[in-house]
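Notes for the structure review
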Amino acid sequence: MQDRVVYEFAIIRLVPRVEREEFINVGAILFSKRKKFLDMRYHVDKARLNAFASDIDPNTIEAYLKAWKEVCMGEPRGGAIGKLDLPSRFRWLTASRSTIIQSSEPHPGLCLDPEKELHDLFNKYVL
């Protein structure tokens, strides 16, 4: 039990019509301060998106999610937010917003390996 570390995760949602509060899970993001880990995975199922909201271009959604990934990873293209420390980037990515891409509230957990936990969460909630 001592080897386990605290982490926080959120599920990334595509909300085509914010006023309807309907969404599709498209990604997961996980942060562990102790392991100095912050990463996310995403996948847009184009057939599912088309059935859910045919007027939304999947390439546009992919571009937005790529920008989230750049911020998450602290890449230069992540802009000013991408230059922040790991906890600040996680808080920015999981902040409440009323846009087409949102995240769930962060949830805590314990794990041995944050990378594996992210993989498992992604498979459970997205795929």
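Up top is the structure.
This one's a predicted model, so the numbers in the text were calculated from it and none came from an experiment.

**A look at the nonpolar core**
Ile12, Ile29, Leu49, Ile61, Leu65 and Ile101 are the most contacted members of the largest nonpolar core, which has 21 residues in total. For this core, the secondary-structure elements that each account for two or more residues are β1 (5-14), β2 (24-32), β3 (37-42), α2 (58-73) and α4 (86-93). With five residues, the single largest contributor to this core is α2. In contact with Ile101, other than residues within four places in its own chain, are Ile12, Arg13, Leu14, Ile61, Tyr64, Leu65 and Trp68. Formed by twelve residues, the second largest nonpolar core is a distinct cluster that contains Leu30, Cys111, Leu118 and Val126.

**Structural notes on the packing of α2 against α4**
Running from N to C, α2 and α4 point in directions that differ by 155°, and their axes come no closer than 9 Å. Between α2 and α4, the interaxial angle falls into the category roughly antiparallel. Two secondary-structure elements touch here, α2 through Trp68, Val71, Cys72 and Met73 and α4 through Arg89, Trp92 and Leu93.

**What about the packing of aromatic side chains?**
The tally for this structure, following the rule as stated, stands at three aromatic pairs. Each ring, one from Phe9 and one from Tyr125, has its centre 6.2 Å from the other, and the planes form 25°; the classification is stacked. With Phe9 in strand β1 and Tyr125 in helix α5 (residues 114-125), this pair connects stretches of sequence that are 116 residues apart. With relative accessibility at 8%, the residue Phe9 sits in the buried group. Residue class for Tyr125 comes out partly exposed when judged on its relative accessible area of 33%. Each ring, one from Phe31 and one from Phe90, has its centre 5.4 Å from the other, and the planes form 25°; the classification is stacked. Placement of Phe31 in strand β2 and of Phe90 in helix α4 is noted, with a sequence separation of 59 residues between them. Both residues of the pair, Phe31 and Phe90, belong to the buried class. What links up through ring pairs into an aromatic cluster is the set Tyr7, Phe9 and Tyr125.

Definitions and cut-offs
Residues numbered from 1 in each chain as written. Predicted model: local features only at pLDDT ≥ 70, side-chain atom pairs only at ≥ 80, totals over all residues. Heavy atoms only, no water. Core = buried A, V, L, I, M, F, W, Y, C linked by side-chain atoms within 4.5 Å. Buried < 20%, exposed > 50% of the residue type's maximum accessible area, 1.4 Å probe, protein only. Helix = DSSP H or I, 4+ residues; strand = E, 2+ residues; numbered from the N terminus. Contact = heavy atoms within 4.5 Å. Axes fitted to C-alpha atoms, helices over the stretch in contact; angles between N-to-C directions. Parallel < 35°, antiparallel > 145°, perpendicular 65-115°, else oblique. Phe/Tyr/Trp six-rings, centres within 6.5 Å; stacked < 30°, edge-to-face > 60°.

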